[in-house]
Structures are given as structure tokens and as C-alpha cells.
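# Close look at the chain arrangement
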Amino acid sequence: MRRILKIVDTISEKVGSAGRWFCVALILVGVFEVTMRYVFNAPTIWAYETSSMIGGTIYALGWAYALLHKSHIRVDVFFSRLSLRGQAIADSILALILFFPLMGLMAERSIFWAWRAWSRGLVMMESYWYAPQWPFRTILAIGICLLLLQGIAKFVRDVHFAVKGTTID
């Protein structure tokens, strides 16, 4: 079990770290567009949509990484007053009630939409560039599935800690 959890953590860490490089791509696209628009008076038709897709990619590849490093937003008004075991119990219960149903639905829908974009050759409609949807939809599906996988790993750790009082590393 420890080995599987370590593999999930490693995947989340590597994908999240790789996602950082998309920040560089986003900056380069932004600088290129600003230069073309204001220096050469020749704006592009692809930069806005590309920036949106790269920004979404940064988020999607960072979701599991953020969960691994406990960086997601939570309401600490009540949670911080609980003991560590109480926090693990609360996280486990809320994962069953909220996280897994929502992430299961989102994973199913994102995979459906990625498959649909691949099979039908769907394109983005926000500009006249008509970029293909499949790369972005696929990355969103991967990001959601990785978040679900990291959530399962967190759930296993929380349940173990709630029952045994020890952590799984």
C-alpha cells in the first residue's frame, strides 16, 4: 500500500512540477501578442485562445500537486480546532460525501468531452483561429483524474490515521 501511495504522490509531484513550464509558455505568448499588437500593429488571432488554454493547463496540472501539498483552500474556522485525528475523520467523511461524488462526475464528464473532441474533431469557437479542442480537453481530463487519484491516496491516509493513529508515508 505504501508503494502505491508513493507512486501516486510521485506522479502528482512530477506532473505539478512539469506544469510550471507552462507558465513560461504563457508569458512568451503574452509578450509575443503585446509586441505584435502595440509595436507592429498586427494582433494575432490565436494568442487569446492559446493563453486561455495554457492558463487552464497550468491549473489542471496543478490540482493534484496542490492537494498533495495541502494547498487547496479550506474553511479553518472549525477544522483547526479539531485534533489531528478529528481532522482526519472530518476529511474522510467530507471526502465520501462531497469530494468523491463530485470528482467522479467531473472525471466521467471530462473523459466524455475529451473523447468527443477527439472523435468528432471539435474546435474552439472563441476566435477565428478554430483551434482543435482535443489537446485542452485531454489535459483537463488528465488533471481531474490525477486529482481524483491523489484524493483517493489522501482518503486512504486519513482513514488509516483516524483508525490507527499513525501516518502512512
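As a reminder, the structure under discussion sits directly above these lines.
Below, the structure is looked at part by part. (Residues numbered from 1 in each chain as written. Predicted model: local features only at pLDDT ≥ 70, side-chain atom pairs only at ≥ 80, totals over all residues. Heavy atoms only, no water.)

On to the pattern of salt bridges, then. Considering all chains together, one arrives at five salt bridges under this definition. In this structure, Arg 37 engages Glu 33 in a salt bridge whose closest nitrogen and oxygen atoms are separated by 2.9 Å. One end of the pair is Arg 37 and the other is Glu 33, both in helix 2 (residues 21-39) and four residues apart, which spans about a single turn. Taken together, the shared-partner salt bridges in this structure form one network comprising Asp 91, Lys 154 and Asp 158. (Salt bridge = Lys/Arg side-chain N within 4 Å of Asp/Glu carboxyl O. Helix = DSSP H or I, 4+ residues; strand = E, 2+ residues; numbered from the N terminus.)

Moving on, we get to the packing of helix 3 (residues 47-68) against helix 6 (residues 134-164). The N-to-C vectors of helix 3 and helix 6 enclose an angle of 10 degrees; their axes lie 8 Å apart at closest approach. On the basis of their axis angle, the class for helix 3 and helix 6 is roughly parallel. When helix 3 is examined against helix 6, the residues Ser 52, Met 53, Gly 56, Thr 57, Ala 60, Leu 61, Trp 63, Ala 64, Leu 67 and Leu 68 are found in contact with a partner set consisting of Phe 136, Ile 139, Leu 140, Gly 143, Ile 144, Leu 146, Leu 147, Gln 150, Gly 151 and Lys 154. Split into classes, the residues belonging to the contact of helix 3 with helix 6 amount to 13 nonpolar, six polar and one charged. (Axes fitted to C-alpha atoms, helices over the stretch in contact; angles between N-to-C directions. Parallel < 35°, antiparallel > 145°, perpendicular 65-115°, else oblique. Contact = heavy atoms within 4.5 Å. Nonpolar A, V, L, I, M, F, W, Y, C, P; charged D, E, K, R; others polar.)

Considering the arrangement of structural elements, one finds Ala 162 in helix 6. Separated by 78 residues in sequence, Ala 162 and Leu 84 have C-alpha atoms that sit 8.5 Å apart. If we ignore the near neighbours within four places in the chain, the residues touching Ala 162 are Arg 85, Ala 88 and Ile 89.

Attention now goes to the packing of aromatic side chains. Following the criterion strictly, the structure yields six aromatic pairs and no others. Here Phe 99 and Phe 100 contribute two aromatic rings whose centre-to-centre distance is 5.4 Å and whose plane-to-plane angle is 70 degrees, an arrangement assigned as edge-to-face. Note that Arg 109 overlies the ring of Phe 112, its terminal NZ or CZ placed 4.5 Å from the centroid. (Phe/Tyr/Trp six-rings, centres within 6.5 Å; stacked < 30°, edge-to-face > 60°. Lys NZ or Arg CZ within 6 Å of the ring centre and 35° of its normal.)

On the surface, Ile 45, Val 123, Met 125, Tyr 128, Trp 129 and Tyr 130 cluster together into a nonpolar patch covering about 670 Å² of accessible area. Position of Val 123 among the secondary structure elements: in the loop between helix 5 (84-120) and helix 6. (Patch = residues over 30% accessible without salt bridge, like charges linked within 9 Å, V, L, I, M, F, W, Y side chains within 5 Å. Areas by Shrake-Rupley, 256 points an atom, 1.4 Å probe, with all protein chains shown as cover.)

We now examine the layout of surface pockets. Each pocket or cavity is described by its volume, and for the largest pocket that value is around 1,200 Å³. Looking at the largest pocket, it is lined by 32 residues, and the ones nearest its centre are Leu 67, Arg 74, Asp 91, Lys 154 and Asp 158. Where the lining of the largest pocket is concerned, the elements lending two or more residues are helix 1 (2-19), helix 3, helix 5 and helix 6. The greatest single-element share of the lining of the largest pocket, amounting to 11 residues, is contributed by helix 5. (1 Å grid on protein atoms, 1.4 Å probe; cavity = no way out; pocket = protein on both sides within 12 Å on 5 of 7 lines; lining within 4 Å. Points joined across faces, edges and corners; volume = space filled by probe spheres on them.)

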